[in-house]
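Spelled out, the chains give:
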Amino acid sequence: SLKNVDDAAKKLTRSSEDLSGKMGRLGLALNGIKDAGNILSSSLATVFNTIRSSNDAYQQYLSSTRQLEAASKLSGVSLDSLNKVSEQTKNQFRLTAGQSNLFAIELTKLGQKSGDVSKVQDSISALMDLGAGQGLDAEQTLYAIKQAILGIDEGTDKLFQKNPSVLYDEFAKKIGTTAGKLTDQQKAQALLNAVLDSGGKLTGGYSKYLETAAGKQQVLNGQIQDAKIKLGEELQPVLLTFLTHVN
């Protein structure tokens, strides 16, 4: 009868609505699971990236300590003395542990080449002021002095706005000779003198730089890097155990 058909239709409608509701709730539950999975995946990725970046920072620091040891042996300057130079540089100029090691290394190299390793700390101080005066941050200053020591124009251009031949010529005239007759040691002395003289004219420049927004950002970045180094060091036993089992 029509009444039976109508009742059946109503039941079917209710069943359909009930099924639709259940499917909706299932969909919400699945979306919740998906969201939880995404959060877990994101959290694991963050942990993994933190471990990796901390280990990388620590390995870079270890590399700088090995280079410092090598500089000590090659220059004849005691490792204890170079460690003190590095520590003073770190504290005075708000650098990372790795950066201060690298500055000590480069200026020790320059001192060794020039035959005078007694002015490493003074030359670092002068270099930092010089770099700041030329609008360079610590990393840029470090890269520039590396280039300058190698005789690359770009390095001396950034630091002195002169190419190496001009520095050599100015030094040669002071000692009564010509640039073409300078020895490698005298060329290194010319660069060291230029760092000390030019930096001396800009004393306090780096301290002023640290008060700028860029300087404060550099210090903050350095603090984060040092925190990564510390965490990386603490993670070494765990990482070594894991790698031993994996291999």
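The model shown is predicted, which means the values in this text are computed figures rather than measured ones.

### Examining helix 7 (residues 164–174)
At step 1: Of all the residues in helix 7, the buried ones are Pro164, Leu167, Tyr168, Phe171 and Ala172. Within helix 7, the buried residues cover an arc of 130° as seen down the axis, which keeps them to one side.
At step 2: Of the residues one or two after helix 7, Gly176 is the one with positive phi, at around 75°.

### Here we look at the environment of Leu202
At step 1: Looking at where Leu202 falls in the secondary structure, it is placed in the loop between helix 8 (184–200) and helix 9 (205–210).
At step 2: Considered as a pair, Leu202 and Met128 are 74 residues apart in the sequence and their alpha carbons are 9.5 Å apart.
At step 3: The contacts of Leu202, once residues within four sequence positions are left out, are Asp129, Leu130 and Gly133.

### Some details on helix 8
At step 1: Taking 1.5 Å of rise per residue, 17 residues should cover 24 Å, and helix 8 covers 24 Å from first to last C-alpha, within 8% of that figure.
At step 2: Burial in helix 8 covers these residues: Ala188, Gln189, Ala190, Leu191, Leu192, Ala194, Val195 and Gly199.

### Focus: the side chain of Thr89
At step 1: Among the secondary structure elements, Thr89 is positioned in helix 2 (residues 79–93).
At step 2: Once residues lying within four places of it in the same chain are set aside, the contact partners of Thr89 are Arg94, Leu95, Ser100, Phe103, Gln121 and Ile124.

### Notes on the packing of aromatic side chains
Each pair of aromatic rings is reported with the distance of its centres and the angle of its planes.
At step 1: In this structure the tally under the stated criterion is 2 aromatic pairs.
At step 2: For the ring pair Phe93 and Tyr206, a centre distance of 5.3 Å and an interplane angle of 80° mean the geometry is edge-to-face. Within this pair, whereas Phe93 is found in helix 2, its partner Tyr206 is found in helix 9, the two being separated by 113 residues in sequence.
At step 3: Of the residues examined, Phe93 reaches a relative accessible area of 5% and is grouped as buried.
At step 4: Note on Tyr206: relative accessible area 1%, which makes it buried.
At step 5: A centroid spacing of 5.7 Å and a plane angle of 45° characterise the contact between Tyr206 and Tyr209, whose relative ring orientation is tilted. Within this pair, Tyr206 and its partner Tyr209 are both found in helix 9, separated by 3 residues, close to a single helical turn.
At step 6: For Tyr209, a relative accessible area of 15% puts it in the buried group.
At step 7: What links up through ring pairs into an aromatic cluster is the set Phe93, Tyr206 and Tyr209.

Rules used in this analysis
Residues numbered from 1 in each chain as written. Predicted model: local features only at pLDDT ≥ 70, side-chain atom pairs only at ≥ 80, totals over all residues. Heavy atoms only, no water. Buried < 20%, exposed > 50% of the residue type's maximum accessible area, 1.4 Å probe, protein only. Helix = DSSP H or I, 4+ residues; strand = E, 2+ residues; numbered from the N terminus. Arc of directions from axis to C-beta. Contact = heavy atoms within 4.5 Å. Expected span 1.5 Å × (residues − 1). Phe/Tyr/Trp six-rings, centres within 6.5 Å; stacked < 30°, edge-to-face > 60°.

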